[in-house]
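# Analysis of the macromolecular model
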Amino acid sequence: MHKIKTNFCLGLSKPLNILDTKIRKMINLSIENNLYFHISITYPLNFYFIKYLLRKKKRAKIKFISKILGDNMNNFRKSFKLTINKLGIKCLHIAQIVNLPILNPQKRKFDEIDFIRFNELIEETSLLKKTKTIEKLYLQIFSADDYEFCTKIRKYFDGFAFYADLNNIYIKKEVYDFILKNNIPCLILSIFGNPIKTTDTNLHIK
């Protein structure tokens, strides 16, 4: 049996209507119940709501998860700094790396990683962990990522993030089995609507 601890996260990908009292109640309820907040600098307007309409003491209670670029050090530092500054916070609970320095962008394989730039990224994140500016580092994996890629990249990260909905999980079955077998912490990114491309319907969120 797998001992899996679950937590919930409030996704902030859609613009919040800051004049709507129900939205404010939802935010306050989420904070009171210790929900994680998932955000990205690509999501519009919500940074304004969090930084300027939530008191500093309230913001400090929130465990933030944010997408951060990882294709090169310049983009990593820029996206990380923008995220911290726009939220008006001191640290991220989870930095979700959404891409990697790949020699050939058309081949997302472990052997295609630019390890000079990748090692720079890992060293930088290790320093940020020591200063508690980042608590955990997750890698976003995709349906095209194979078993070899995921098993070899695993040791550099605290967990994985991937897309899923109530009917499908958008990763390969071998990767799914590897995650379960090794109890790898995961951030499940919900998809709403009806994606055209599906994977094995026998895979479920356990």
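Structure: above.
Notes on the structure follow. (Residues numbered from 1 in each chain as written. Predicted model: local features only at pLDDT ≥ 70, side-chain atom pairs only at ≥ 80, totals over all residues. Heavy atoms only, no water.)

## Remarks on the packing of aromatic side chains
Taken as a whole and assessed by the stated rule, the structure comprises 8 aromatic pairs. With centroids separated by 6.0 Å and ring planes inclined at 75°, the aromatic side chains of Phe37 and Phe64 adopt a geometry described as edge-to-face. Linking Phe37 in strand E2 (residues 36-39) with Phe64 in strand E3 (residues 64-68), this pair joins segments that are 27 residues apart in sequence. Given the relative accessible area of 1%, Phe64 is considered buried. Ring geometry for Phe118 versus Tyr156: centroids 5.0 Å apart, planes at 85°, classification edge-to-face. Remark: Tyr156 occurs in the loop between helix H6 (147-153) and strand E6 (159-164) and Phe118 occurs in helix H5 (residues 115-130); sequence separation between them is 38 residues. The exposure class assigned to Phe118 is buried, which follows from its relative accessible area of 0%. These aromatic residues form a ring-pair network of at least three members: Phe110, Phe115, Phe118, Tyr156 and Phe157. (Phe/Tyr/Trp six-rings, centres within 6.5 Å; stacked < 30°, edge-to-face > 60°. Helix = DSSP H or I, 4+ residues; strand = E, 2+ residues; numbered from the N terminus. Buried < 20%, exposed > 50% of the residue type's maximum accessible area, 1.4 Å probe, protein only.)

## Topic: the pattern of salt bridges
The final tally for this structure, using the stated rule, is 7 salt bridges. One salt bridge connects Glu124 with Arg77, and the closest N-O pair in it is separated by 3.0 Å. Within this pair, whereas Glu124 is found in helix H5, its partner Arg77 is found in helix H4 (residues 73-87), the two being separated by 47 residues in sequence. Exposure remark for Glu124: the relative accessible area of 19% places this residue in the buried category. (Salt bridge = Lys/Arg side-chain N within 4 Å of Asp/Glu carboxyl O.)

## Quick notes on the pairing of E6
With respect to burial, E6 is a largely interior element, 5 of its 6 residues being buried. Bridging between strand E5 (residues 134-140) and E6 involves 3 bridges; their strand directions are parallel. Residue Leu139 lies in a different strand from E6, and its bridge partner there is Phe160. With respect to chirality, the unit in which E6 leads through helix H7 (residues 173-181) into the neighbouring parallel strand E7 (residues 186-190) is right-handed. (Pairing = 2+ DSSP bridges. Right-handed = clockwise from strand over helix to strand, strands pointing away.)

## Description of helix H2 (residues 46-53)
Every buried residue of H2 is accounted for by Asn46, Phe47, Phe49 and Ile50. Here the buried residues of H2 occupy an arc of 165° about the axis, which is enough to place them on one side. The inward-facing, buried residues of H2 abut helix H1 (21-32), E2, helix H3 (56-59), E3 and H4. (Arc of directions from axis to C-beta. Contact = heavy atoms within 4.5 Å.)

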